[in-house]
Each structure stands twice: as structure tokens, then as C-alpha cells.
Amino acid sequence: MASRSVHPKVIRNLRLNSSAPSITAVPQLINPGRPEKVAKRLQPPPTPPTTTADSASTSTSDSVDFRLELDDTKRLFSSVSTPKLIKSTSILTVSSYDRVADLGLWIMTSGLMNNPIIRQLVLGVTEHTFYSHFCAGKDLEKAGRTVNKLWDSGLGAMLDYGLEHATDNESCDRNLQEFLRTINSTKSVDSCQVSFVVVKITAICPPSLLRRVSDLLRWEQQDKSLHLPWKLKTLPVFSESSPLYHTMRRPPPLSREEEHDLELAYERLDKICKNSIEANKPLLIDAEDTAIQPAIDYFSYSAAIKHTNKEDDPLIFNTIQAYLKDAKERLVIAKKAADRMGLPVGFKLVRGAYMSSEKHFAASFGVKSPIHDDIQKTHNCFDDCAEFLLEEVASGSGSVVLATHNIESGRKAASKAISLGLQRDNPNFQFAQLYGMADVLSFSLRNEGFRVSKYLPFGPVEQIMPYLLRRAEENRGLLAASSIDRVLMKKELLRRLTSPGS
């Protein structure tokens, strides 16, 4: 989520005449009786095929010549029905146009949404098109059906209840209950089906307070004599190259009210962690923009220290955004500090989604952007961080989720893992992509025996609409770059139409 959030009027319009979901008994998320699927996932991985697509044909000097099979669309989309394939192709094609997101945002912020008939029409059309493609369902029961379908196709799920930024303690408490419901719903299922539960710190601690905490942490980085009485034991959240321009002057200490609110946020995260331990389900912590990311790193690492023992698997997976110039340095510093403490900690590696807002914010201060100067440098940083983390896994002290839609990065990481002697179904590393996107990469990695999960948002349509619009805005580049998915989907549809039954 970004500081450039969806216009408040969107949320106000959507909440009109709608009520918050009640906290009722937690439904069983999934039918756990699928032993044949578990056995399938535990089978030895297949031998890598030799036929490749041009975009995945290069190799690195320090890795085996591993190649992803992209040409055999019958095998690639074997788990996708023809109606689903038609719908996916159509949605991705429409979504690739920038004007679609612009039109959606205009409609949601216009007075049209005050008309009950138009409002119902917009939400109904969205539910049966974009919502059903990119989201798992309105509630845990419907999300469970999507999880089952993913599992049947050989993919895991990362459950993400679609929450926006909290504004006060009341909204934080409501969001906490939804996180707990999501975690508790996974207790009776096979651990492979739901690989993670996603947590947004901005949903349990107001961003305004996170910004204050980040400012104080930044100033402490510059002035080691600064005393922060509320600060818990944590890992380093800055490197020597980390940007500090957000805090140009010494910030005032937290007020009593702010310290009280911070303590409440600690307690909420504590409850989430305790429930996750009981459910044996690790947590993925979402990243934000650099204005508040230091506080999110601080929350993540301090919770990991408090709730993880040396002999445990990692409970907390913090997110590293590779488009930031200091990403690799911060990653290495945090990982080495955790190693010295004997602390198991995991990382989710992404590229990042706030390029435009970060550049504009830095420009307003007259400083260089914290984002890499070009996309190739971001690719290089992602690949370097992935290599470092895979080497840590191979040494027995790492856990990583490689969240990428880039086929070449996926191929390089898979190649590196094989060259390090890692089993393809090693529980300490897996790949991840957003639900409804990058299916070609997900299926090709799955076919090669690697663990793959889909980032699976769910929630009521009117509640998740701001989430969808924000995703569309943040991922314009990804949606526009989904051409390989669209091309291969169309190729498979043509094959099915011209060779029925084959």
C-alpha cells in the first residue's frame, strides 16, 4: 500500500449504506481431506524439459543451465478450464490499458456512486469481472473454495484480507479481529494449502503514528544519543545509504497519547503472532512507502525477536523492496544481525510498487530518488538479493519468498537454487505471484516441481474496491507487461478450438 492511497471519497462512497461485517464463528476454510494432492506435491520433481521459450533461454555463469518450459501450452494450462481461460485473457487484455484504471477511479470518486441504481450496477459488473479475476471471494468460506481450486492446480495460497489504512484505534481493533479470523480459519487445514497469512501493519496502527515513529527512528540513526523510551529490541532498519530526508529536523518525542496508541498497536501485533503460533502459520508483513517503512520494519523485527525461539521456523517474513537503492545493504545487515542473535527470520523479496510517488516525494525535497535510476538496476538488485537469500537457505539459516512476475528473475532464481543443491520443494523457499496475474510463471515453476503460492486478496466487494483500484494504479506496468500471459493464453485457446479433445 502506498501513501498515494485511493481518494477518501472512494471509501466514503463505498461505505454508504453498507455495514461492517460482523465477527461470527470462524468457518472451516478448506476440506483437509485431499491426501492425493499432498502426495502429488511430495513427489520428486520432474526432469527439466529441453524445449524453451526465447525469453527464458539464457543462463548465468554460476548456475546450471535451467530453462522454463513455456512452449507447451497444453501442459502449462492443463489445470485451467476453457471458460476460465477465455475470461482471464479478456480481463488481462482490458486491464492492460491505463485508461481502464483512470476510468474506474473517476467513476468511484464521482457523484454517480450516490445513485443507488448506478452504484449497484457498478459493483455488480465489477464483482463478475475484475473482482472475480483478482480476488478470492467475499468471505472466508468463498476464499476457501478458491484456495481449494488453487491447491487442486498445484498452487498454495497467501490469504490477504483486503483492508485499507486504519484511521483510529476503533478501526485498528476491527481490523485485528479480521486478521485473527483469517488466521484461525487455517488451523484445521493442511499446512501446504495456505502457506502464509498476510498482515498490514497500517491496518493495526494508524499511518500517522507510523510516520511519527519512522521520523524518530530516522533521527536516532543520525543522533545516537537520542533516547526512545518506547523502543523495543529490534534488528537494524537502516544502512549507511538509507535515505533520511523525510526527517529534516529533530522531531518532538511521542506524546503520552501517542505512546498509549503505540502500546495498543504492540498488543494487536502480539495477539496476531500468538494466534499464528497456535495455528502454525507464518506471517507475511506487507511493505509500504519509505515515509513509514522504517516503523514497519521495526514492528516486524521486534515481533520476530519477541515471538520466535532459536529452534523455531521463522514466524515473521518482512518485505524487502528491491527497487530501493539501499535494499541489498539493509537486507544483509538485518540478516547478519539476526544470525548473531540466533534468530530465525524470513524475508519476502519484491520489486516495489510506489515508484511514482517516491520519485515525486524526493523531488519535493530536492534530493535524489531512493529508487534505482533504471529498471535494469532494479532487476539486478532483485536478482542479487535473491541469490544472497538462496545462499542463506542453502547454508541452513534462511527462509525466503521470491515474489516476482518477471520470468527471467524466476528462471535465474530457480537455476541458482538447483546449482546450490536445494530440493525444489524445500520448505524454506518458494515463489509467489499475485492472484490473477503472471500465471505463466506460476504454472511453469509449478511444473518444474517448485513451491508456488498465489497472493490471494478477499473481502466484500464494496470494501475491496479501493484495494482493487489501488492495485490497478500501482501495477500499471505489470498489467501492461502481461503480454506473454495473454499471448500464451490465446495460443492455448486456439489449440483447444482447432484440436478439440486433444
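- The chain appears in an unreviewed UniProt entry as Proline dehydrogenase from Sesamum alatum.
- In its Catalytic activity (unreviewed entry) section, the UniProt entry covering the chain states "L-proline + a quinone = (S)-1-pyrroline-5-carboxylate + a quinol + H(+)".
- According to the UniProt record, the Cofactor (unreviewed entry) comment for the chain is "FAD".

**Re the pairing of strand E8 (residues 452-458)**
So, step 1. Within E8, 7 of the 7 residues are buried, which leaves the element mostly enclosed by the surrounding structure.
So, step 2. Of the two faces of E8, both are covered, the one formed by Val452, Lys454, Leu456 and Phe458 as well as the one formed by Ser453, Tyr455 and Pro457.
So, step 3. Bridging between strand E1 (residues 156-161) and E8 involves 6 bridges; their strand directions are parallel. Considered in E8, the bridge of methionine 158 is made with tyrosine 455.
So, step 4. Here 4 bridges tie strand E7 (residues 429-434) to E8, and the two strands are oriented parallel to one another. What sits directly across from phenylalanine 431, in E8, is valine 452.

**What to know about helix H15 (residues 407-419)**
For an α-helix, the turn length of 3.6 residues means that residues three or four places apart are oriented alike.
So, step 1. For H15, with 13 residues, the first-to-last C-alpha span of 18 Å sits near the 18 Å given by 1.5 Å per residue.
So, step 2. Within the span of H15, buried status applies to Ile407, Ser409, Gly410, Arg411, Ala413, Ala414, Ser415, Lys416 and Ala417.
So, step 3. Buried positions along H15 lie against helix H14 (375-394), strand E6 (400-403), E7, helix H16 (439-447) and helix H19 (483-498).
So, step 4. Where H15 begins, one side-chain oxygen reaches toward the backbone nitrogen of glutamate 408, 3.1 Å away; that side chain belongs to asparagine 406.
So, step 5. Once H15 finishes, glycine 421 follows within two positions and takes phi at roughly 85°, a positive value.

**Considerations on the pairing of E1**
So, step 1. Counting buried positions over the 6 residues of E1 gives 6, a clear majority of the element.
So, step 2. Side chains Gly156, Met158 and Asp160 of E1 all project onto a buried face; the interleaved residues Ala157, Leu159 and Tyr161 project onto the opposite face, where all are buried too.
So, step 3. Pairing of E1 with strand E2 (residues 194-199) involves 3 bridges; the strand directions are parallel. Opposite methionine 158, over in E2, you have phenylalanine 196 as the bridge partner.

What counts and what doesn't
- Residues numbered from 1 in each chain as written.
- Predicted model: local features only at pLDDT ≥ 70, side-chain atom pairs only at ≥ 80, totals over all residues.
- Heavy atoms only, no water.
- UniProt positions renumbered as here; feature names shortened; annotations may be inferred.
- Buried < 20%, exposed > 50% of the residue type's maximum accessible area, 1.4 Å probe, protein only.
- Helix = DSSP H or I, 4+ residues; strand = E, 2+ residues; numbered from the N terminus.
- Pairing = 2+ DSSP bridges.
- Expected span 1.5 Å × (residues − 1).
- Contact = heavy atoms within 4.5 Å.
- Polar contact = N/O pair within 3.5 Å; in protein donor to acceptor, adjacent residues only side chain to side chain.

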